[in-house]
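Letter by letter, the chains look like this.
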Amino acid sequence: MKKNTNTNVWGGGNEPMKSEYGKMMMWFFLISDALTFSGFLTAYAFVRFRFEMQWPVAEDVFTHFPGLQGEQPLLYVAFMTFVLIMSSVTMVLAVNAGHQLRKTATAWWMVATILGGAIFVSSQAWEWYHFIIGDKGGVELSSSQVLKVADLEGEVLSLSQVVNGMENGHKANHELIFSDEEVFSSIRLNNNLVLQNPGKDHMPLTREATLRALNGAHVVQGANMIHNEYGKQQFANFFFFITGFHGFHVFSGVVLNIMVFYNVMLGTYDRRKSYGMVEKIGLYWHFVDLVWVFVFTFFYLV
Amino acid sequence: MSDHDSPQGTAWIWKIFWLLLAITTIEVVLGIVKPEILLTSLAGTSILNLLFIGLTLVKAAYIVQYFMHLKYEVDSLRYSIYLPVIILIPYLTFILIFEGQNIFEF
């Protein structure tokens, strides 16, 4: 960065914010981005308050962990959070090394940050895959309300368990598609099965109401922008939109990090005698981490 | 550079890393266990949820103050960043949650 040598105030010698132009503009961009994300998250809160009863509980939705059997609620997002915090740390270390004009150290910490970002984006792809393909399946009533099949104790059963029986249910993989007829006749035959709300209190229907509700209902498996087996449709739409928008931020961050890394290797910042670019991209990267901290809380915990 | 009083070395970075990790671990454990005592409702939600939001804000503060280095910038830059966010986001949150509840009752 070329230092301004003019000390005359009207000649541009005044620096009220004692900050490089680019860094300041990065901050103001981040403010507007923060407001965008808060718009998304508050809209999520608004719709969720409206449909409290039918809103899926995140721990019932995101229950898989690669390589582990059974239900592992929160574990996978916890891992993703850890990866992102870790990559934030390597980014600070890169900025720190940049301040001391240590080219090799900066480059290595940039590589670590890029790797962290790549792991995060691929983890998100894995989670999207499982969200889209579905878990236990649900029943969409003619009123477009989505309910889960459960036994009288309130334990939610997968469609595979409903059709093939409890013992054989787990053998089936997630790709199995069940017809309305298969599922509904199994529900009609088994007096222990009722439909229940996906929301927090899991309010079940009575057996009679269940049988009545099956008229005109459809089986839903998986989630997309039109159908959502986990509960209220908007839950899936918000999930795709908010985590998608955040994931795209991470992806852009990785691309920008690669560009800055490339310039570090070329020695561009060494010649400038300033690693200000690393600092600016660092601000963006921490912001992405910051947004994830909030998405993690409001999507998965609260 | 305005960061003449910013911390030297890398020890402080790892200190904040462990702190953020500890807070995340507490959140995850609370989210899995969901202790009965914290589920009592308070201010329209549960104590647990308020705890989650509180811990999240602490994490956010540490990231912004130390990782994003805002603590060591001059006041004019700090406040031009803090104020819009601190005024607008709680305002928007309040309005939408309030309206969401009213629509639910409606």
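Conventions and cut-offs
- Here the residue numbering is sequential within each chain, running from 1 through the sequence in written order.
- To label them, take the chains in the order written and letter them from A, then take the ligands in the order written and number them from 1.
- Residue-level local features of this predicted model are given only where pLDDT is at least 70; pairs of side-chain atoms are given and counted only at 80 or more, and the full residue set underlies all totals for whole chains, interfaces and linings.
- Side-chain numbers come from the whole structure's heavy atoms, not from hydrogens or water.
- Domain extents, as shown, originate in an automatic or database domain assignment.
- Two residues qualify as a contact provided that any one of their heavy atoms is within 4.5 Å of a heavy atom in the partner residue.
- Accessible area, probed at 1.4 Å, shrinks when two parts are joined; the buried area is that loss added up over both.
- Any Lys or Arg side-chain nitrogen found within 4 Å of a carboxyl oxygen on Asp or Glu counts as a salt bridge.
- Identification of polar contacts relies on pairs of N or O atoms within 3.5 Å, with a donor-acceptor requirement for protein atoms, meaning one able to donate a hydrogen and the other able to accept it, and with residues adjacent in sequence counted only if both atoms are side-chain atoms.
- In this classification, Asp, Glu, Lys and Arg are treated as charged, Ala, Val, Leu, Ile, Met, Phe, Trp, Tyr, Cys and Pro as nonpolar, and every other residue, Gly included, as polar.
- The way it works is that DSSP assigns letters per residue, a run of H or I at least four long becomes a helix, a run of E at least two long becomes a strand, and they are numbered from the N terminus.
- Ring pairs shown here join Phe, Tyr and Trp side chains whose ring centres sit within 6.5 Å, with only the six-membered ring taken for Trp; geometry is labelled stacked below 30 degrees between planes, edge-to-face above 60, and tilted in between.
- In this scheme, the term charge over a ring applies when either NZ of a lysine or CZ of an arginine sits within 6 Å of the ring centre and within 35 degrees of the ring normal.
- Residues belong to a common nonpolar core when they are buried Ala, Val, Leu, Ile, Met, Phe, Trp, Tyr or Cys residues joined through side-chain atoms within 4.5 Å.
- Only protein chains enter the accessibility calculation, which uses a 1.4 Å probe; a residue is then buried when its area is under 20% of its type maximum, exposed when over 50%, and partly exposed in between.
- Axes here mean lines fitted to C-alpha atoms, for a helix over just the part in contact, with angles spanning 0 to 180 degrees between N-to-C directions.
- The labels follow the angle: roughly parallel below 35 degrees, roughly antiparallel above 145, roughly perpendicular from 65 to 115, and oblique for the rest.
- For any pair of crossing helices, the crossing counts as left-handed if the nearer helix is rotated counterclockwise from the farther one by less than a right angle, and right-handed if it is rotated clockwise.

1. What to know about the domain arrangement of chain A
All names here are of chain A.
Okay, so step 1: Along its sequence, chain A is carved into domain 1 (20-134 + 234-301) and domain 2 (138-221).
Okay, so step 2: Counting from both sides, the interface comprises 12 residues of domain 1 and, opposite them, 10 residues of domain 2.
Okay, so step 3: Between domain 1 and domain 2, a total of about 880 Å² is buried, with carbon and sulfur atoms accounting for 54% of that surface.
Okay, so step 4: Counting the surface domain 1 buries against domain 2, the share from its top three residues, M53, Q54 and I133, is 49%.
Okay, so step 5: The tally of links from domain 1 across to domain 2 stands at 0 salt bridges.
Okay, so step 6: On the surface where domain 1 and domain 2 come into contact, there are 0 residue pairs in polar contact (both at pLDDT 80 or more).
Okay, so step 7: Tallied by class, residues from the side of domain 1 that touches domain 2 come to 6 nonpolar, 3 polar and 3 charged.

2. Focus on the interface of chain A and chain B
Okay, so step 1: Each side of the interface is counted separately: chain A has 48 residues, and chain B has 48 residues.
Okay, so step 2: The junction of chain A with chain B conceals about 4,300 Å² of combined surface from both sides, 80% of it contributed by carbon and sulfur atoms.
Okay, so step 3: In this structure, the connection of chain A to chain B is made through 2 salt bridges.
Okay, so step 4: For E59 of chain A, the salt bridge is made with K34 of chain B, and the minimal N-O distance between the two is 3.2 Å.
Okay, so step 5: For the pair chain A and chain B, the interface holds 5 residue pairs in polar contact (both at pLDDT 80 or more).
Okay, so step 6: Elements with a minimum of two residues in the side of chain A that touches chain B: α1 (21-50), α3 (75-99) and α11 (276-301) of chain A.
Okay, so step 7: No other element matches α1 of chain A, which puts 16 residues into the side of chain A that touches chain B.
Okay, so step 8: In terms of residue class, the side of chain A that touches chain B is made up of 31 nonpolar, 10 polar and 7 charged.

3. Observations concerning the packing of aromatic side chains
Okay, so step 1: If you walk through the whole model with that rule in mind, you get 42 aromatic pairs over all chains.
Okay, so step 2: Here Y66 of chain B and Y72 of chain B contribute two aromatic rings whose centre-to-centre distance is 6.5 Å and whose plane-to-plane angle is 70°, an arrangement assigned as edge-to-face.
Okay, so step 3: Over the ring of F51 of chain A we find R50 of chain A; its NZ or CZ atom is 5.0 Å from the centre of that ring.
Okay, so step 4: In this arrangement the basic side chain of R78 of chain B is found over the ring face of Y79 of chain B, its NZ or CZ atom lying 5.6 Å from the centre.

4. Quick notes on the nonpolar core
Most often, soluble globular proteins keep nonpolar side chains buried together rather than apart.
Residues and elements named next belong to chain A.
Okay, so step 1: Core analysis: the largest hydrophobic core is formed by 88 residues, its most contacted members being F131, V278, W292, F299 and Y300.
Okay, so step 2: With 16 residues, the single largest contributor to this core is α11.
Okay, so step 3: Dropping the residues within four chain positions of it, W292 is found in contact with V77, M80, T81, L84, F120, Q124, H246 and Y300.
Okay, so step 4: Core analysis: the second largest hydrophobic core is formed by 17 residues, L157, F178, V183 and L195 among them.

5. Focus: the packing of α1 of chain A against helix α3 (residues 75-105) of chain B
Helix-helix packing: each pair is described by the crossing angle between the helix axes and the interaxial distance.
Okay, so step 1: α3 of chain B packs onto α1 of chain A with a crossing angle of 10° between their chain directions and a minimal axis gap of 8 Å. By the angle between their directions, the pair α1 of chain A and α3 of chain B is classed as roughly parallel. In the crossing of α1 of chain A with α3 of chain B, the sense of the turn from one axis to the other is right-handed.
Okay, so step 2: Of the residues contributing to the contact of α1 of chain A with α3 of chain B, the split by class is 21 nonpolar, 7 polar and 2 charged.

6. What to know about the pattern of salt bridges
Okay, so step 1: Under the criterion given, the structure shown has 7 salt bridges over all chains.
Okay, so step 2: The partner of E73 of chain B in a salt bridge is K23 of chain A, with the nearest N and O atoms 2.9 Å apart. Of this pair, E73 of chain B sits in the loop between α2 (47-67) and α3 while K23 of chain A sits in helix α1, on two different chains. Across this residue pair, the class does not change: E73 of chain B and K23 of chain A are buried.
Okay, so step 3: Put simply, K148 of chain A and E229 of chain A hold a salt bridge, and the shortest N to O gap is 3.9 Å. Pair noted here: K148 of chain A is in strand β2 (residues 146-151) and E229 of chain A is in the loop between β4 (218-220) and α9 (233-266), with a separation of 81 residues, a long-range link.

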